[in-house]
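Geometric and topological summary
Listed below, chain by chain, are the residues.
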Amino acid sequence: MAFAQSHIMAARRHQHSRLIIEVDEYSSNPTQAFTFYNINQGRFQPPHVQMVDPVPHDAPKPPGYTRFVCISDTHSRTDPIQMPYGDVLIHAGDFTELGLPSEVKKFNEWLGSLPYEYKIVIAGNHELTFDQEFMADLIKQDFYYFPSVSKLKPESYENVQSLLTNCIYLQDSEVTVRGFRIYAILSASAVFGLLCFLDWVPKKMQRVGCVELLNTVQRRIQPRLHVFGHIHEGYGVMADGTTTYVNASVCTVNYQPLNPPIVIDLPTPRNT
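Reading guide: rules and limits
- Residues numbered from 1 in each chain as written.
- Predicted model: local features only at pLDDT ≥ 70, side-chain atom pairs only at ≥ 80, totals over all residues.
- Heavy atoms only, no water.
- UniProt positions renumbered as here; feature names shortened; annotations may be inferred.
- Pairing = 2+ DSSP bridges.
- Helix = DSSP H or I, 4+ residues; strand = E, 2+ residues; numbered from the N terminus.
- Contact = heavy atoms within 4.5 Å.
- Axes fitted to C-alpha atoms, helices over the stretch in contact; angles between N-to-C directions.
- Core = buried A, V, L, I, M, F, W, Y, C linked by side-chain atoms within 4.5 Å.
- Buried < 20%, exposed > 50% of the residue type's maximum accessible area, 1.4 Å probe, protein only.
- Phe/Tyr/Trp six-rings, centres within 6.5 Å; stacked < 30°, edge-to-face > 60°.
- 1 Å grid on protein atoms, 1.4 Å probe; cavity = no way out; pocket = protein on both sides within 12 Å on 5 of 7 lines; lining within 4 Å.
- Points joined across faces, edges and corners; volume = space filled by probe spheres on them.
- Nonpolar A, V, L, I, M, F, W, Y, C, P; charged D, E, K, R; others polar.
- Salt bridge = Lys/Arg side-chain N within 4 Å of Asp/Glu carboxyl O.

The protein chain is annotated in an unreviewed UniProt entry as Metallophosphoesterase domain containing 1 from Zosterops lateralis melanops. Recorded under Sequence similarities (unreviewed entry), the UniProt text for the protein chain is reproduced unchanged: "Belongs to the UPF0046 family."

Okay, structure coming up:
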């Protein structure tokens, strides 16, 4: 979710039940936020956060652990990807180029060939057909930015999620697997699913993450693992002592599927 400046001022103190949400004063400028918090708090520097090496693909899984295999931004380029052993696959969006039903079916077939016990998938901003409102507006336009998509008949994509039969598809919803609660956020653009690190775009010399999501993750929810993508240049892993942050973009900025899946081992909850 993004906030316009007027919305920021209006929502400076918004009370929902007993929860008071404070909107960050730098919410509309993640680059400025990153600079300010680094200078005044060192918030994105060691020891507050640090780069982390993912688990090597050939490393044995410790007893009592669950192995997560994290990928995103495969963009219909899954054939060259060497998928490592694991228990739970998480695909954090942009598994197609445009969300064409044919692309979704191909991706689903690929998922069906993978041996993971659980496969969790969320759509990204490239899955255009997963957004019914966007598609309705696109078809009404006189100039089509996406001709192959805008020519689709509504009945061919009105329930496109149902084509994903070989995974658990999440959209602003959650599922519990192996004792882990996994919640997926779907926004108008996957860019708002990013953090204020692993979101650097060198070409534009900007950070494009969501300050509000970062604050929510670090200060309120504090999950063990936060997986995202969209910014291909931000591929990698960081940690702040509580949460491990994974930008799992498989494709590079040139859309070459060269970044390997990221493996993370977490202790399986005892009540599983």
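So, the sheet that holds strand 5 (residues 88-91)
In spatial order, the strands read 7-6-5-4-15; together these five strands make up an open sheet with mixed pairing. With one partner strand each, in any of the chains shown, strand 7 (168-169) and strand 15 (262-267) form the two edges of the open sheet. For strand 4 (residues 65-71) and strand 5, the ladder comprises four bridges, and the chain directions are parallel. Each residue of the ladder has a partner; that of Ile71, found in strand 5, is His91. Of the strands in this sheet, strand 4, strand 5 and strand 6 (118-121) touch helix 3 (residues 101-112), which is tilted by about 155° from strand 6.

Focus on the nonpolar core
Taken as a class, soluble globular proteins show a tendency for nonpolar side chains to be buried jointly. Leu111, Val121, Phe130, Val149 and Leu164 are the most contacted members of the largest nonpolar core, which has 28 residues in total. The element contributing the most residues to this core is helix 3, with four residues. Excluding residues that lie within four positions of it along the chain, Val149 makes contacts with Leu98, Leu100, Leu128, Thr129, Met135 and Leu138. Core analysis: the next-biggest nonpolar cluster, separate from the first, contains 21 residues, Phe68, Cys70, Val88 and Leu266 among them.

What about the packing of aromatic side chains?
Tallied over the entire structure, the rule returns five aromatic pairs. On the numbers, 4.4 Å between centres and 15° between planes, the contact of Phe95 with Phe107 is stacked. Pair noted here: Phe95 is in the loop between strand 5 and helix 3 and Phe107 is in helix 3, with a separation of 12 residues, a long-range link. By relative accessible area, which is 0% here, Phe95 ends up buried. Since its relative accessible area comes to 3%, Phe107 is described here as buried.

A few points about empty space enclosed by the protein
Remark: the empty space left among the atoms is shown by a probe the size of a water molecule rolled over them. Applying the stated criterion across every chain, the model contains one cavity of 30 Å³ or more. Counted by class, the lining of the largest cavity contains three nonpolar, two polar and two charged residues.

Describing the pattern of salt bridges
The full count for this structure, using the stated rule, is six salt bridges. Between Asp87 and Lys61 there is a salt bridge; the shortest N-O distance is 2.8 Å. Here the residue Asp87 occupies a position in the loop between strand 4 and strand 5, and Lys61 occupies one in the loop between strand 3 (50-51) and strand 4, the gap between them amounting to 26 residues. With relative accessibility at 6%, the residue Asp87 sits in the buried group. By relative accessible area, which is 26% here, Lys61 ends up partly exposed. The partner of Asp87 in a salt bridge is Arg178, and the shortest N-O contact between them spans 3.6 Å.

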